[in-house]
Each structure stands twice: as C-alpha cells, then as structure tokens.
Amino acid sequence: MTPTQRTRTYWLEHAWLGTHVEPGVALDVRDGRITVVRTDVPTPPPGAEILRGLTLPGLANAHSHAFHRALRSTVQVGSGTFWTWREVMYATADRLTPENYRDLARAVYAEMALAGVTSVGEFHYVHHAPGGTPYADPNAMGEALIEAAADAGIRITLLDTAYLSSGFGQAPDKHQLRFSDGSADAWAERCSVLKDRDHARIGAAIHSVRAVPADRLATVARWAEERRAPLHVHLSEQTAENDACREAHGCTPTQLLAEHGVLGRRTTGVHNTHLTDEDIALIGGSGTGTCMCPTTERDLADGIGPAVALQKAGSPLSLGSDSHAVIDLLEEARAMELNERLRTRTRGHWTAAALLRAASADGHAALGWDGAGTLESGALADFTTIALDSVRTAGPLPRLGAETAVFAASAADVSHTVVGGRHVVRDGVHALVPDVPKALADAVEALRG
C-alpha cells in the first residue's frame, strides 16, 4: 500500500463528521492522511475526486477468520450446534496451504473492501502444516494473510493466536496440531519474527481459556504488553466453556483472565456473551473492549451478549463479521441494536452515531490503528461512500444519512472505498481484484474435499 505523494482532493456530497451529516465537504489528502477538511463547499473544486452519496470513515472489521468464508451456505444445511459446526470448520482448515490461503484471503479481503471495510483484524491460528510440522518459513501462513491484505488494498492487524490445547488439561487433537506451537514460549518466539509494515500491524490473541493453559496466559499478555500491541481473546462464547472453566479453576473465564493479567485497555474480548455481573464489572473496569459479532453469534445460536451493560461499565464496543456468514459491517451494527430490542422489548439502545463509531473508530482502535475512523485533519485517509439513491436508501433526507446507513443500507450500497488516499473500490468495482465473485468462487472450489 503506497501512500499518495501529492495532494489529492476528494469532494464529498455528504459527509458523516461524527455528530452530524455535513453537505459539501472537501478533503485534502497527502501521504495517505487527511491534511485539510473544508466544509461549506457546495460544488466540487477543479480536479477533485467526486464522491456522491454519504461518505463515512472506513469501517473496521475487528474479528475475522478468513478461511471460514469457504463455509458459507455449506454449514446452513440441516441443523446442529456450535460444536458440530466446528467439525466442518476443522475439515476446511485441514486443506489450507500458504498458497491457497493467500488466494482465498485475497478474495475475502476484496469482498470486505467492497463492503466499505478498510481494516481487518485477522484472528489467525492456522500456523503450521497438517500434523503440526512447521513450514520452512514458520510464519508462512501469517505472511500469506498479510500479503493478501496488501493485494486487496486494505489494512490488516494480524492477531497471531496462541492455541496450545483442545480443552482444560487436554492435548491438541489431530486437527488442532497445526494450530499449536507446543508452548507459549515457542509461540512468542515464532511471532516475534513478524514485523509491522505500512498496511499491517502485528498483534496477539489467546484463542480461549480452554486453548491456552492458565499458567501460560501471562506469557501471551506480556508479549503484547512489551510491544504495546493489541491482544484479543474469544471469551465466554459458549456456556460449555464457562462450565468447564469453573470445573477446572473454580472461576469464570473472565475471572481467570483477570487473575493472569490479560484484561486491560489494549485487550478486546470477542463475543463476551455469557457473563456474570462480576465479569461485566471486571471487563468494564479494566477498560477491556468488547467485539460483538451478531451475524455469527445468531448463526451459531450462541446467544445475545450484554453489550449495553458492558458499554455502560466502560467497555468500548467494536464489531466483526467473524465466520463471514455475511460480510456487512452495517448489518453487524444494525443487528447489535435489533438483537437488544428483541431481548428487552424496548427500542433505541444506541444512536446511529454510536453504532457507526463501533463500526469504525472504536474498531480501528481495537486493532491498533488509532489514527483511523474519523474524517478530520491528521487522520488516515480511509473512508467509504454509501449510495443514497438505491432501492434501500432512496427517500430519507440526507441529514438522516447515519440512520439510513445503519438501519436501511447494506454492503451492496457501498460505491467507493478509499484506503490511504487511494481508491480501492470505485463505483462498486474493486480496482485491484476486478472480478471478486470469480476470485471467491475459484478459491472456495480449491478447498473442496
């Protein structure tokens, strides 16, 4: 991702400036950042790139498993549980190689760009060859994901994941051997070789409390702390995990993480679904973030997490598409509010502005991209434009653009995506991956058993 070296001007017909929709806004962009924001610009300046519709800060997909995209629709046949779904997922993971994973991830990240996503948090745990043998480059799989994001024109935070056991006190099973480095120290040594670059940040993840022994949690947390890197963890997604944790340690997963120094302002718990009041207080009081993934949580029948209570307790909210049943951050934002309406039978738990912040600024912050998610001077020049004249969005007044984007629009309404001042999607066409549907179809077909 090469930043622009000259000043380029974008004229936004309507822009979401965090609190309101402003008509006629000009952004000057240089070296990948916004340098000047001018309002009250009713017509495009000469030579400006014209973005008609509503321009938002780029969206952040804070939780992704790129290879799960190959499961779309296949796992909708019949019924089952999270645990039966997991067996299908493992079978797909067994067929991944650095080469076919790069092809798949490139197509998936291109799909994200078409949906207005400018940065992704890739929760990456498929590290080694089947059986656990390291590749010649022990980070070949992670590097494939980093290269795929560059090919697709978006930013990535590679959340290199420690995954050492199949359950409390249990060795990895045959599928999980390729996820494991054998020890937390070996995990730290391997991922210390990975380096940040212009479009990529390296973070850490604890797959879950069942996959990293309690006496190794601090190793992962310390690695992230020393590098001031993001640290993510699947947390209380399933009641079975909570029950097993209580049996093994006499406490909840949240309490276990707190005891071993995992919680904190650079940490994000993913899902945070089945929590006690004490858990919520620990998460919020420590400033630990919460990444909600509503389309996956409802697809897997996981349940509805206490997002309102978590945010009130002090936990910043972000959003992710996780298993990619769909890739649509506007739907994730909408679903978080609508799920809460169903649960409580009351409306209006978040404003459209708050939901957009979760889908953008707070998501980028959770991924270590603190200079993203706003349309203001000094911010990364990452933004996306939503059409206001589609069958879904036509009719409302432009000043209601935030409400239109969150409660009516979909990924199909994204017309432009700009990353680092460069047009990655223009008029609904990806500039770097011209035929995204074919790229997806070919990559998924290559993984069929």
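Residues numbered from 1 in each chain as written. Predicted model: local features only at pLDDT ≥ 70, side-chain atom pairs only at ≥ 80, totals over all residues. Heavy atoms only, no water.

A. Layout of the overall build of the protein. Counting its regular elements, the protein contains 15 helices and 16 strands. Taking 2.2 N^0.38 as the reference for a compact globule, 449 residues should give roughly 22 Å; the C-alpha atoms of the protein span a radius of gyration of 21 Å, in line with that estimate. Along the first, second and third principal axes, the C-alpha set of the protein runs to 65 × 50 × 45 Å. Of all intrachain contacts in the protein linking residues separated by at least 6 positions in sequence, the fraction that spans at least 24 positions is 74%. Surface summary for the protein: the accessible area is close to 16,900 Å², and the carbon and sulfur share equals 51%. Side-chain charges in the protein split into 41 positive and 54 negative, and the spacing between the mean points of these groups amounts to 3 Å. (Helix = DSSP H or I, 4+ residues; strand = E, 2+ residues; numbered from the N terminus. Rg over C-alpha atoms; globule rule 2.2 N^0.38 Å. Contact = heavy atoms within 4.5 Å. Areas by Shrake-Rupley, 256 points an atom, 1.4 Å probe, with all protein chains shown as cover. Lys, Arg positive; Asp, Glu negative; His and termini not counted. Charge placed at Lys NZ, Arg CZ, Asp CG, Glu CD.)

B. Geometry of the sheet that holds strand β5 (residues 59–64). Across the sheet, 8 strands lie side by side as β5-β6-β7-β8-β9-β10-β11-β12; this open sheet has parallel pairing. The sheet is open, and its two borders are formed by β5 and β12 (317–319), each paired with just one other strand. Strand-to-strand twist of the sheet, defined as the mean angle between neighbouring strand axes without regard to direction, takes the value 25°. Across 3 bridges, strand β8 (residues 200–206) lies against strand β9 (residues 231–235) in parallel orientation. What sits directly across from I206, in β9, is V233. In the packing of helix α5 (residues 217–227) onto the sheet, the strands contacted are β7 (155–162), β8 and β9, and the crossing angle to β8 comes to about 160°. (Pairing = 2+ DSSP bridges. Axes fitted to C-alpha atoms, helices over the stretch in contact; angles between N-to-C directions.)

C. Focus on helix α6 (residues 239–249). Inspection of α6 places E241, N242 and C245 among the buried residues, and these make up the whole buried set. Projection of α6 onto a plane perpendicular to its axis shows the buried side chains occupying an angular sector of 100°, all on one side. Residues of α6 that are buried make contact with β9 and α7 (253–259). (Buried < 20%, exposed > 50% of the residue type's maximum accessible area, 1.4 Å probe, protein only. Arc of directions from axis to C-beta.)

D. Local environment of helix α12 (residues 352–359). Along α12, the residues that are buried comprise A352, L355, L356, A358 and A359. With its buried residues spanning 155° around the axis, α12 presents them on a single face.

E. Seen up close, the nonpolar core. F67, Y109 and W223 are the most contacted members of the largest nonpolar core, which totals 120 residues. With 9 residues, the top contributor of residues to this core is helix α2 (residues 98–114). Residue contacts for Y109: discarding those within four places in its chain leaves S64, A66, V120, E122, L145, A148, A149, A152, I154 and I156. Judged by nonpolar contacts, the second largest core, of 12 residues, contains V25, V29, L375 and V418. (Core = buried A, V, L, I, M, F, W, Y, C linked by side-chain atoms within 4.5 Å.)

F. Examining the sheet that holds strand β16 (residues 429–430) more closely. Strand order in the open sheet formed by 8 strands is β3-β2-β1-β4-β13-β14-β15-β16, and the pairing between neighbours is mixed. Only two strands of the sheet have a single neighbouring strand rather than two, namely β3 (33–38) and β16.

G. How the structure looks around the packing of α2 against helix α15 (residues 436–445). Running from N to C, α2 and α15 cross one another at 145°; their axes reach a closest spacing of 8 Å. Relative to α15, the crossing made by α2 is left-handed. Each of D103, L104, A107, V108, A110, E111 and L114 in α2 lies in contact with α15, whose residues at this interface are V436, A439, L440, A443 and V444. Its residues placed into classes, the contact of α2 with α15 shows 10 nonpolar, no polar and 2 charged. (Left-handed = near helix turned anticlockwise from the far one by under 90°. Nonpolar A, V, L, I, M, F, W, Y, C, P; charged D, E, K, R; others polar.)

H. Fine view of the pattern of salt bridges. By the definition in use, this model includes 23 salt bridges. For D382, the salt bridge identified is with R155, shortest N-O distance 2.6 Å. Placement of D382 in the loop between α13 (361–366) and β13 (383–386) and of R155 in strand β7 is noted, with a sequence separation of 227 residues between them. The exposure class of D382 is buried, given its relative accessible area of 1%. Salt bridges sharing common partners tie together R69, R72 and E111. (Salt bridge = Lys/Arg side-chain N within 4 Å of Asp/Glu carboxyl O.)

I. Spotlight on the environment of W85. With respect to the secondary-structure elements, W85 resides in helix α1 (residues 82–93). Look at W85 and you get buried, because its relative accessible area is 10%. Between the C-alpha atom of W85 and that of T74, which follows or precedes it by 11 residues, the distance is 10.0 Å.

J. A look at the packing of helix α4 (residues 184–191) against α5. α5 packs onto α4 with a crossing angle of 20° between their chain directions and a minimal axis gap of 9 Å. As the angle between them shows, α4 and α5 are arranged roughly parallel. For the element pair α4 and α5, the recorded crossing hand is right-handed. Facing A184, D185, W187, A188 and C191 of α4, the residues of α5 in contact are T219, V220 and W223. A breakdown of the residues in the contact of α4 with α5 according to their chemical character gives 6 nonpolar, 1 polar and 1 charged. (Parallel < 35°, antiparallel > 145°, perpendicular 65-115°, else oblique.)

K. Expanded view of the packing of aromatic side chains. Scanning the model with the defined rule gives 8 aromatic pairs in all. When the centroid spacing of 6.2 Å and the interplanar angle of 80° are considered together, the rings of F67 and Y125 count as edge-to-face. With F67 in the loop between β5 and α1 and Y125 in the loop between β6 (117–124) and α3 (140–152), the pair connects residues that are 58 residues apart, well separated along the chain. Across the pair, exposure class does not vary: F67 and Y125 are buried alike. Through a chain of ring-to-ring contacts, the aromatic side chains of F67, Y90, Y101, Y125, Y163 and F179 assemble into a single cluster. Over the face of the ring belonging to W369 we find R155, whose NZ or CZ atom lies 5.2 Å from the ring centre. (Phe/Tyr/Trp six-rings, centres within 6.5 Å; stacked < 30°, edge-to-face > 60°. Lys NZ or Arg CZ within 6 Å of the ring centre and 35° of its normal.)

L. View of the side chain of H234. Positionally, H234 belongs in strand β9. Among the polar contacts made by the side chain of H234, one reaches the side chain of H63 at a distance of 3.1 Å. Among the polar contacts made by the side chain of H234, one reaches the side chain of H65 at a distance of 3.4 Å. Here H234 is in contact with H63, H65, F123, I206, H207, S208, E241, V270 and H271, once residues within four sequence places are set aside. (Polar contact = N/O pair within 3.5 Å; in protein donor to acceptor, adjacent residues only side chain to side chain.)

Purely geometric numbers; function is a separate question.
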